[in-house]
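The chain contents come next:
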Amino acid sequence: MKLKYGVVGTGALGGFYGGKLAKAGHDVHFLLRSDFEHVKEQGLKVDSVDGDFLLQPIACYNSAQDMPVCDVVLVCMKTTGNHLLPELLDPIIDEQSLVILVQNGLGIEERLAQEVPHASVAGGIAFICAHKVGPGHVSHLDLGRLILGLHTSTGNELLQQCQQDFEQAGVPAQLAENLGYIRWQKLVWNVPFNGLAVVLNTTTDQLMKQKETRELAHEMMHEVIFGAKNCGYDLDPDFADKMIRTTEKMTPYAPSMKLDFDNRRAMEIESIYTSPVQAARQAGFEMKKVAMLESQLRFIASQMENWKIRVSEG
Ligand SMILES: NC(=O)C1=CN([C@@H]2O[C@H](COP(=O)(O)OP(=O)(O)OC[C@H]3O[C@@H](n4cnc5c(N)ncnc54)[C@H](OP(=O)(O)O)[C@@H]3O)[C@@H](O)[C@H]2O)C=CC1
Ligand SMILES: CC(C)(CO)C(=O)C(=O)O
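Because the structure is a prediction, the values reported are computed rather than measured. As a convention, each chain's residues are numbered from 1 in the sequence order in which they are written. Both sets of labels track the order of writing: A upward for chains, 1 upward for ligands. Given that this is a predicted model, residues contribute local features only at a pLDDT of at least 70 and side-chain atom pairs are listed and counted only at 80 or more, while totals for whole chains, interfaces and linings are drawn from all residues. Excluded from the side-chain calculation are hydrogens and water; included are all heavy atoms of the structure.

Engineer: Would you mind going over the UniProt feature "domain: Ketopantoate reductase N-terminal" (unreviewed entry) in the chain with me for this structure?
Structural biologist: Using the residue numbers shown here, the UniProt feature "domain: Ketopantoate reductase N-terminal" (unreviewed entry) corresponds to residues 6-150. In residues 6-150, helix accounts for 22% and strand for 39%; the two terminal C-alpha atoms are 18 Å from one another. UniProt positions are given in the numbering used here, feature names are shortened, and annotations may be inferred rather than shown by experiment. Only runs of H or I of at least four residues qualify as helices and only runs of E of at least two qualify as strands under DSSP, and these elements are numbered from the N terminus.

Engineer: Help me understand the nonpolar core, please; the structure alone is not making it clear to me.
Structural biologist: The nonpolar side chains of soluble globular proteins are, as a tendency, buried together. Among the nonpolar cores identified, the biggest contains 41 residues, and Tyr17, Phe30, Ile100 and Phe166 are the most heavily contacted of them. Residue contributions to this core peak at six residues, all from helix 1 (residues 12-23). Nine residue types can take part in a nonpolar core, namely buried Ala, Val, Leu, Ile, Met, Phe, Trp, Tyr and Cys, and a core is a set of them joined through side-chain atoms within 4.5 Å. Categorising residues by exposure relies on relative accessible area from a 1.4 Å probe, with only protein chains included: less than 20% of the type maximum marks a residue as buried, more than 50% marks it as exposed, and the intermediate range marks it as partly exposed. In this structure, Met208, Phe239, Tyr273 and Leu297 belong to the second largest nonpolar core, which totals 39 residues.

Engineer: Honestly, the packing of helix 6 (residues 179-199) against helix 11 (residues 269-282) in this entry has me stumped. Any pointers?
Structural biologist: The geometry of a pair of packed helices is captured by two quantities: the angle between their axes and the separation between those axes. Here the axes come from fitting lines to C-alpha atoms, over the contacting stretch only for helices, and the angles between their N-to-C directions go from 0 to 180 degrees. Between helix 6 and helix 11, the shortest axis-to-axis distance is 10 Å and the interhelical angle comes to 125°. Considering the angle they form, helix 6 stands oblique to helix 11. For the crossing formed where helix 6 meets helix 11, the hand is left-handed. Judged by residue contacts, Trp184, Leu187, Asn190, Val191, Asn194 and Gly195 of helix 6 engage Ile272, Tyr273, Pro276 and Ala279 from helix 11. In the contact of helix 6 with helix 11, the residues fall into seven nonpolar, three polar and no charged. When describing relative orientation, an angle under 35 degrees is termed roughly parallel and one over 145 degrees roughly antiparallel, while 65 to 115 degrees is termed roughly perpendicular and anything else oblique. Note on convention: the crossing is left-handed when the near helix lies turned anticlockwise from the far helix by less than a right angle, right-handed when the turn is clockwise. Residue contacts are defined here by distance: any two heavy atoms, one from each residue, within 4.5 Å place the two residues in contact. In this classification, the charged set is Asp, Glu, Lys and Arg, the nonpolar set is Ala, Val, Leu, Ile, Met, Phe, Trp, Tyr, Cys and Pro, and all remaining amino acids, among them Gly, are polar.

Engineer: Got a minute to help me understand the site of ligand 2 in this structure?
Structural biologist: In this text, near means that some heavy atom of the residue lies within 4 Å of the molecule or strand in question. Every residue close to ligand 2 is listed here: Asn104, Ala126, Phe127, Ile128, Cys129, Lys186, Trp189, Asn190, Asn194, Tyr253, Pro255 and Ser256. Polar contact criterion, stated in full: a pair of N or O atoms within 3.5 Å, where within protein one must be able to donate a hydrogen and the other to accept it, and residues adjacent in sequence count only if both atoms are side-chain atoms. Here Asn104 contributes a side-chain N or O atom positioned 3.2 Å from an oxygen atom of ligand 2. The separation between an oxygen atom of ligand 2 and a polar main-chain atom of Ile128 is 3.2 Å. Only the protein chains shown count as cover for residues, with accessible areas throughout obtained via the Shrake-Rupley method and a probe of 1.4 Å. Calculation on ligand 2 without its partners gives an accessible area of 290 Å², and the protein chains cover 91% of this total. Listing elements by their share of the shell around ligand 2, those giving two or more residues are strand 8 (120-134) and helix 6. By residue class, the composition of the shell around ligand 2 is seven nonpolar, four polar and one charged.

Engineer: Sorry, what's going on with the side chain of Glu109 here?
Structural biologist: Along the polypeptide, Glu109 turns up in helix 4 (residues 108-115). The exposure class of Glu109 is buried, given its relative accessible area of 2%. There is a polar contact of 2.7 Å between the side chain of Glu109 and the side chain of Arg183. If we skip the residues at most four places from it in the chain, Glu109 touches Leu101, Val121, Ala122, Gly123, His151, Leu179 and Arg183.

Engineer: Sorry if this is basic, but what is going on with the pairing of strand 7 (residues 98-102) here?
Structural biologist: Working note: regular strand, side chains alternate between the two faces of the sheet. A large share of strand 7 lies buried, amounting to five of its five residues. Burial along strand 7 is two-sided: the face carrying Leu98, Ile100 and Val102 and the face carrying Val99 and Leu101 are both buried. Should DSSP find at least two bridges between two strands, the strands are taken to pair. Two elements, strand 6 (residues 72-75) and strand 7, share four bridges in a ladder whose sense is parallel. Paired with Leu74 across the two strands is Ile100, which belongs to strand 7. By the bridge criterion, five bridges tie strand 7 to strand 8 in an arrangement that is parallel. Bridged to Ile100 within strand 8 is Ala122.

What follows is the structure in structure tokens.
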């Protein structure tokens, strides 16, 4: 069966993953916001370490109302805009549709499944370094692997087909038995590096170079691992060492939260910090250092509002 795909949020990940599917001949419909006119006229450009490509013509829309009902919807906007999902998804899903949240953070599938109970919901964990460099223009610098895991009890067949479509399109994609485990595992990297890069105004290489910050990142990783353990996800404590070694070898990198801060956009504090801190707390474990970083980020976010700088959703 040939699936009809929808992409909600055509930025770095939406442009890359949706673009790869469309380039491979799949039927993909892209929802855009500020870049709509540009993409409609000039197409979507992806500069990728795996090979550049341009999608033109492209099935793009500036309103979900104009989109067809899709079998699978890839949600690729920042989680700061997830409160808009019930409205955005309403015209493009029916009881048979599967919505995959290709986003960072915890608790997002739970919330969507409550708000949109008739859809199947899954998570997509992306191991990729990509960002938008201009209107309708994505730069993919490194990695690209996707792990897909089901949240609801329905949608399994669609998820399997989606995994095969990604593989066929040249995106390494795996299916995970346990979505919660993978979400916590991804947080082991995102929690220290996204937030520290913002509060210390720096990049991963600088955080790794300095002994104090390297140790702090390592300690936070262990907190996340123990947080996960208390929530029933038995992550390997050695995973922290592995992540430190990987980051040491990485080219200097500004995590997506740092790019959001630099561009005065809302930061994904709720899904990357608040949800895991609360989940661990409810399970009886206080992630003290992570909670402190969360407070610092909330302070910075409040200052951004006080500066009367436009903090856009998404
Ligand atoms: N970038 C990366 O390398 C990685 C990102 N992630 C995660 O993936 C998710 C997506 O990140 P990323 O791709 O970087 O984000 P981007 O900011 O590059 O893209 C988000 C896109 O969503 C669009 N959007 C937001 N709200 C709406 C709306 N209401 N209607 C239509 N479009 C909308 C934005 O449009 P507009 O231009 O108008 O704002 C933007 O183009 C995040 O959760 C992030 O943490 C995970 C791994 C790596
Ligand atoms: C760690 C990384 C780069 C993804 O693989 C990421 O999730 C981010 O920048 O937020």
